[in-house]
Amino acid sequence: MAALPFDIAVQVFDEPELSRHRADIVRRMGKREAVALIDAMSSDQQADFFRELPEEDRERFLKLLDEPTRRALQLLLRYPPDTAGGIMTTELVSIPNDWTVAHALEHIRAVGRAKETVYAIYCIDPVEHTLAHAVTLRDLVLADADQVVASVGNQRKPLSVTPATDREDVARLISKYNLLAVPVVAEDAHILGIVTVDDVIDAIVREQTEDVQKFGGMEALDEPYTEISFGRMIRKRAGWLMALFLSEMLTATAMQHFEGEIEKAAVLAMFIPLVMSSGGNSGSQATSLIIRALALREVRVGDWWRVARRELLTALTLGAFLGVIGFGRIELWQHLGLYDYGVHHVLVALTVGVALVGIVAFGSLAGSMLPFVLKRIGFDPASASAPFVATLVDVTGLIIYFSVAFLILRGTLL
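The sections below set out a description of the structure shown in this document. This structure is a prediction, so every number in the text was calculated from the model and none was measured.

Reading the values: the criteria
Residues numbered from 1 in each chain as written. Predicted model: local features only at pLDDT ≥ 70, side-chain atom pairs only at ≥ 80, totals over all residues. Heavy atoms only, no water. Helix = DSSP H or I, 4+ residues; strand = E, 2+ residues; numbered from the N terminus. Rg over C-alpha atoms; globule rule 2.2 N^0.38 Å. Buried < 20%, exposed > 50% of the residue type's maximum accessible area, 1.4 Å probe, protein only. Contact = heavy atoms within 4.5 Å. 1 Å grid on protein atoms, 1.4 Å probe; cavity = no way out; pocket = protein on both sides within 12 Å on 5 of 7 lines; lining within 4 Å. Points joined across faces, edges and corners; volume = space filled by probe spheres on them. Nonpolar A, V, L, I, M, F, W, Y, C, P; charged D, E, K, R; others polar. Polar contact = N/O pair within 3.5 Å; in protein donor to acceptor, adjacent residues only side chain to side chain. Pairing = 2+ DSSP bridges. Phe/Tyr/Trp six-rings, centres within 6.5 Å; stacked < 30°, edge-to-face > 60°. Lys NZ or Arg CZ within 6 Å of the ring centre and 35° of its normal. Axes fitted to C-alpha atoms, helices over the stretch in contact; angles between N-to-C directions.

**Quick notes on the overall build of the chain**
Okay, so step 1: When helices and strands are tallied, the chain shows 17 helices and five strands.
Okay, so step 2: In terms of overall dimensions, the chain is more spread out than a globule: its C-alpha atoms have a radius of gyration of 30 Å, far above the 22 Å expected for 414 residues.
Okay, so step 3: Residues counted as buried form 42% of the 414 residues belonging to the chain.
Okay, so step 4: The contacts in the chain between residues at least 6 apart in sequence include a share of 64% that link residues at least 24 apart.

**Observations concerning unusual backbone geometry**
Okay, so step 1: Although it is not a glycine, His129 sits at a positive phi angle of roughly 60°.
Okay, so step 2: In this structure, His129 sits in the loop between strand S2 (120-124) and strand S3 (131-136).
Okay, so step 3: Of note in the backbone geometry, Asn178 takes a positive phi value of approximately 55° without being a glycine.
Okay, so step 4: Examined against the element boundaries, Asn178 turns out to sit in the loop between helix H10 (167-177) and strand S4 (181-185).

**Digging into the layout of surface pockets**
Okay, so step 1: By volume, the second largest pocket is sized at about 560 Å³.
Okay, so step 2: Along the walls of the second largest pocket sit 21 residues, with Ala134, Thr136, Pro158, Leu159 and Leu179 positioned nearest its centre.
Okay, so step 3: Every element with two or more residues in the lining of the second largest pocket is listed here: S2, S3, helix H9 (137-142) and S4.
Okay, so step 4: Residue classes in the lining of the second largest pocket are distributed as 13 nonpolar, four polar and four charged.

**Description of the side chain of His345**
Okay, so step 1: Within the secondary structure, His345 is located in helix H16 (residues 345-376).
Okay, so step 2: His345 gets classed as buried once you look at its relative accessible area, which sits at 16%.
Okay, so step 3: Within the structure, the side chain of His345 is placed 2.9 Å from the side chain of Glu331, a separation counted as a polar contact.

**Remarks on the pairing of S4**
Okay, so step 1: In terms of burial, S4 is largely enclosed, as five of its five residues are buried.
Okay, so step 2: The alternating pattern of S4 places Ala181, Pro183 and Val185 on one face and Val182 and Val184 on the opposite face, and all of these are buried.
Okay, so step 3: For S4 and strand S5 (residues 191-196), the ladder comprises five bridges, and the chain directions are antiparallel. Bridge assignment links Pro183 to a residue of S5, and that residue is Ile194.
Okay, so step 4: The antiparallel pairing of S4 with S5 creates a hairpin that spans five residues between the two strands, and Ala189 there sits at a positive phi of about 75°.

**Some points on the packing of aromatic side chains**
Okay, so step 1: Scanning the model with the defined rule gives six aromatic pairs in all.
Okay, so step 2: Here the aromatic rings of Tyr339 and Tyr341 are separated by 4.8 Å at their centres, their planes lie at 50°, and the arrangement is tilted.
Okay, so step 3: Judged by centre distance (5.2 Å) and plane angle (55°), the ring pair of Tyr401 and Phe402 falls under tilted. With respect to class, Tyr401 is no different from Phe402; both count as buried.
Okay, so step 4: Taken together, the aromatic side chains of Phe13, Phe49 and Phe50 make up a single cluster linked through ring pairs.
Okay, so step 5: Here the basic side chain of Arg22 rests over the ring of Phe13, its NZ or CZ set 5.9 Å away from the ring centre.
Okay, so step 6: The ring of Trp333 carries Arg329 above its face, with NZ or CZ at 4.4 Å from the centroid.

**Description of the sheet that holds S3**
Okay, so step 1: Pairing in this open sheet of three strands is mixed, and the strands run S1-S2-S3 from one edge to the other. The open sheet has two edge strands with one neighbour each: strand S1 (93-96) and S3. For this sheet, the mean angle separating the axes of adjacent strands, direction not counted, is 30°.
Okay, so step 2: Relative to S3, S2 runs antiparallel, the two sharing five bridges. Residue pairing for S3: Tyr122 is matched across the bridge by Ala134.

**Remarks on the side chain of Glu91**
Okay, so step 1: Within the element layout of this structure, Glu91 appears in the loop between helix H7 (84-87) and S1.
Okay, so step 2: Ignoring sequence-local partners within four residues, the contact set of Glu91 consists of Met41, Ser42, Ser43, Ala114, Lys115, Glu116, Thr117 and Ile194.

**Section: the environment of Leu318**
Okay, so step 1: Tracing the chain through its elements places Leu318 in helix H15 (residues 304-336).
Okay, so step 2: Overall, Leu318 belongs to the partly exposed group, its relative accessible area being 36%.
Okay, so step 3: For the pair Leu318 and Met249, spaced 69 residues apart in the sequence, the C-alpha separation amounts to 28 Å.

Encoded structure:
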C-alpha cells in the first residue's frame, strides 16, 4: 500500500473487499501516511474502518484527523452499522434552491471529485436550511442556464429515511423506486447524508449471508469461511448442534414410549424414517417460504391467520399426494411379492397413508408459524432454521404416526 501512488492507494484502500485488513495495514504504515490515507477515504468507509479498530487505536487516529473529518466521522459512528445512519456517507452535493442552474453546475464542477456521487443533487431551503427537493444532474444539464434550481425537475419532496431506519428498509426503498441514492434526514428535516445503491448492495449481501447461515442451524459467521479461525468456527457451530442433538433426544423418548406398539407390530418401525422425513421436509419448505416472504414484506406478522389457512389447505393436499403414494407403494410391494406385510397389509398401508397426511399438515403448519412467533417476540425469523423445524416435527410426527396406528390397527396388530 505504501508503494502505490497515493491516488491509487486511496482507491484500493477504499474498497470494501480490503476491509478485513485495513487495521493491520494502517498499524504498519507511518503515522503521516496512514492519516493521509484515512482522510482521503469516503466517509462511510471511514466509519466502517473505525468500527473495526480497537478502542485505543480509534482514539489515537481520531485525534490526528482534521476537525471537519473528525466531526463527520463521529456523527456516523453514533449510529449502528445496520441502520441508514451507519452506512450513509456525508459526501453529497447540496445547493441552495435559489441558485441558478449555471451557478449549480459551476459548484458541481468545483466539488464533484470529492463527493460520493454527483448524479443526485439535493436542494436546500436557504431560510430553513431543510431539504426542499432533489434534482438529477440530467435535469440541470438540460435546463436553461439562468433558470432557478427550485423550478428544475420534480417539485415533490424527495423520498427520505431517518438515521435509525433499518438498512433492509433502505434497500427496499431504493429498489422499489430505482434510486441511485436516498437522503438521510434528521427530525428537523436537515439532511445528514445519503445512502448510495452500492452501499445498500454491500449491506444486503451481508444480511442475506447471515440469514442463510442461521437458517442452516448455526450462528452467523462474522468473517469469511476461509479466514475464520478453527476455534471460532467450533464455537459458532457447536452451540446449535448440541441444542439440536438434545432436542432430538426427545425423539428417542417418544420411541421408548411406543416401545410396546413397535414390539407388537414391528412392521410399523420400517416406515418411521419415511414419515418423519416427510414431516421435516414439509416444515422446512414452509419455513423457507415464510422467512423469505417476511424479509420481502410480502406478509406481515398480522397475516399469520391467512398464512395458516393457506398452509393448512396446501399441506393437506400435499399430504394426500404422499399418502396415496405411500399406500400404493406398500400394496404394490405386497402384490408383487417383494415383501410380505402380513394379512393386515391394507390396514398397515392405510396407517402410513393417513399418518402422512397428518404429519405433513402439522409440519407445514408448524414450519410456517414458527417465523411469525419468533418475529413477534423480537427474534430474527431466520433463527427458525430448517434443522430446528425438522427436529420439532420429528417428535410430534412419531406421536401422530403411532396415534393413527393405534386407531386403525387396534384389535388387529395392536
